[in-house]
Amino acid sequence: MRRIISVLLENEAGALSRVAGLFSARGYNIESLTVAPTDDPSLSRMTIVTRGTDAIIEQITKQLNKLVDVVKLIDLTEGAHIERELMLVKVTVTASNSEQREEVARLIGIFRGRIIDVTELTYTLEMTGSTSKADAFLDALSQVEIIEVVRSGVSGIGRGKRALKA
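Note that this is a predicted model, so its numbers are computed, not measured.

Chemist: Help me understand the sheet that holds strand β4 (residues 70–75) in this model?
Modeler: Either a parallel or an antiparallel arrangement is found when strands of a sheet pair, and the pairing is made through backbone hydrogen bonds. In space, the 4 strands of this open sheet follow the order β2-β3-β1-β4, with antiparallel pairing throughout. Among the strands making up the open sheet, the edge pair consists of β2 (32–37) and β4. Between one strand and the next, the sheet's axes are offset by a mean angle of 15°, whatever the strand orientation. Relative to strand β3 (residues 43–51), strand β1 (residues 2–10) is paired through 9 bridges, and the arrangement is antiparallel. Within β3, the position partnered with Glu10 by the bridge is Leu43. Along the sheet, helix α1 (residues 15–25) makes contact with β1, β2 and β3, crossing β3 at roughly 20°.

Chemist: Would you mind showing me how to read unusual backbone geometry here?
Modeler: Across the chain, the bulk of peptide bonds are trans and the bulk of non-glycine residues have phi less than zero. Although it is not a glycine, Arg112 adopts a positive phi angle of roughly 55°. With respect to the element layout, Arg112 can be found in the loop between α3 (98–110) and β6 (114–118). For Arg112, a relative accessible area of 73% corresponds to the exposed category.

Thresholds, definitions, all that
Residues numbered from 1 in each chain as written. Predicted model: local features only at pLDDT ≥ 70, side-chain atom pairs only at ≥ 80, totals over all residues. Heavy atoms only, no water. Pairing = 2+ DSSP bridges. Helix = DSSP H or I, 4+ residues; strand = E, 2+ residues; numbered from the N terminus. Axes fitted to C-alpha atoms, helices over the stretch in contact; angles between N-to-C directions. Contact = heavy atoms within 4.5 Å. Buried < 20%, exposed > 50% of the residue type's maximum accessible area, 1.4 Å probe, protein only.

By themselves, these figures tell us nothing about what the structure is for.
Shown next, in the form of structure tokens:
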């Protein structure tokens, strides 16, 4: 089962390495990892997407809680939450093929994204949404040559009053 674990940890050198090391030492895979400072400069928020049974996820959270740098953690998928991912996609469009350019513009409109760069031979597209929306967008672009895809990984937050605070 896919799980999103949000970790509040001390903003110290090596903290990210210790968390990643915990996963690799136990043979757990990290599908996505995002980390950035919070409103408190001494703390960072890390969002980890992984897969595993309930027992494996429980083991992961127990091991994470034992790390000195970890202040608090929450499994966002245990309750109502919002998740988003940023994706940049560079595609080939030929100047002579206006139908192709119109099709790409139509698709990015349907997915509520934006064209952020235009050259003679390429469009760079920006789209935010859930992971499934990003995957669906890539599938919809199947008729266009994709040059490059960059995905940020999942960022998530609990809904309502549910919050990860020190």
